[in-house]
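Residue strings, one per chain:
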Amino acid sequence: MINFAFFGTDEFAVIILDELKKGGMVPTTIISVPDKPKGRKLILTPPPVKVWAEKNKVNLAQPISLKASGPEIVKHSVFNNRRPELFVVASYGKIIPQGILEIPTRGTLNVHPSLLPKYRGPSPIQTAILNGDQETGVTIMLLDEEVDHGAIVAQESFQITSDKLQENTDTYLELRDKLAQIGGALLTKTIPDWVSGKIEAKEQDHDAATFTKIIEKENGKITLEDIENKPEETYRKFLAYILWPGLYFFDQQGKRIKITAASFQNAKLTIEKIIPEDKSEMTWKAYKLGR
């Protein structure tokens, strides 16, 4: 059995862990972020990966800062004095110092949801949706200190949709889950060959690299005119920002209106459901009649 540790936090990472488990590969240790307050009542909530670790009885660590811990402390306290053969990182959300990346004998592999060097950075899935890409994929790379810069170990492409937008019903969440399944299955096949030295990592074409941006709350803001005048662009924003920040506009009274359901057909964007500020979800039709 391969002794490897897994760094991850959210649902993307959980799906990858599920795929690894299906293939008979369970990490010996999982590292995730600390529990965080959530919701209006600020209830302390564990990250999804912690829930998975506890359910599957896997050794878990939640360091506040890997920099503060230092390579030696992390190596001995978290890994029980056993030097792992490999680290795997998937949607962890924190910078891992080079000293920690180099702890395992076969380095650290990262699962990234794009076909690198295209779409490096924090929002590759959303960017693929916004740009109307017909193809995306997953890259497993050897992690280094630069953002999504490491040598490629394995890749698999995925056909998103046809060239007709109405057939692209995948929101960010749906596409994320599909790519996580692909990434987990690819990782399961790749790890044994990588650890045994059968795969040689290939350097990326850095000149061809493109970069994505951190998504800000302001990115989800539209106007009513955008619905009529920029239907395709606005619908892609709806798909891409479904989890956060959502698509929203402000009415004449300055109240925030969040769009929760929409469709696109025959080059027309149809708003179906919304949540007005301080109110419950309602249909777009009911909202317009209420005005």
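Heads up: these notes are all about the structure in this document. Keep in mind the model is a prediction, meaning the values are calculated, not measured. (Residues numbered from 1 in each chain as written. Predicted model: local features only at pLDDT ≥ 70, side-chain atom pairs only at ≥ 80, totals over all residues. Heavy atoms only, no water.)

1. As for the sheet that holds strand 7 (residues 108-112)
Right, so step 1: Overall, mixed pairing links the seven strands, which are arranged 5-2-1-6-7-8-9 in an open sheet. The sheet is open, and its two borders are formed by strand 5 (59-61) and strand 9 (152-159), each paired with just one other strand. This sheet shows a mean twist of 20° between the axes of neighbouring strands, independent of strand direction.
Right, so step 2: Relative to strand 5, strand 2 (residues 29-31) runs parallel, the two sharing three bridges. From the neighbouring strand, Thr29 faces strand 5, where its bridge partner is Asn59.
Right, so step 3: Across the sheet, helix 2 (residues 48-55) is in contact with strand 1 (4-8), strand 2 and strand 5; its angle to strand 2 comes to roughly 160°. (Pairing = 2+ DSSP bridges. Helix = DSSP H or I, 4+ residues; strand = E, 2+ residues; numbered from the N terminus. Axes fitted to C-alpha atoms, helices over the stretch in contact; angles between N-to-C directions. Contact = heavy atoms within 4.5 Å.)

2. Section: the packing of helix 1 (residues 11-22) against helix 2
Between two packed helices, what matters for the description is the angle formed by their axes and the separation of those axes.
Right, so step 1: Contact pair helix 1 / helix 2: the axes reach a minimum separation of 8 Å and the direction vectors enclose 30°. With respect to their mutual orientation, helix 1 and helix 2 come out roughly parallel. Counting all contacts with helix 1, which are made through Glu11, Ala13, Val14, Leu17, Asp18 and Lys21, the residues of helix 2 involved are Pro48, Val49 and Trp52.
Right, so step 2: Here the contact of helix 1 with helix 2 is built from residues that sort into six nonpolar, no polar and three charged. (Parallel < 35°, antiparallel > 145°, perpendicular 65-115°, else oblique. Nonpolar A, V, L, I, M, F, W, Y, C, P; charged D, E, K, R; others polar.)

3. Examining the sheet that holds strand 13 (residues 282-283)
Right, so step 1: Taking strand neighbours across the sheet as the criterion, the four strands line up as 10-11-12-13 in an open arrangement whose pairing is antiparallel. Edge positions in the sheet fall to strand 10 (247-250) and strand 13, since each has one partner strand and no second.
Right, so step 2: As defined by bridge partners, strand 10 adjoins strand 11 (residues 256-265) across four bridges and the pair is classed as antiparallel. Considered in strand 11, the bridge of Leu247 is made with Ile259.
Right, so step 3: Where helix 9 (residues 231-240) meets the sheet, its contacts fall on strand 10, strand 11 and strand 12 (268-276), and the angle it forms with strand 11 comes to roughly 115°.

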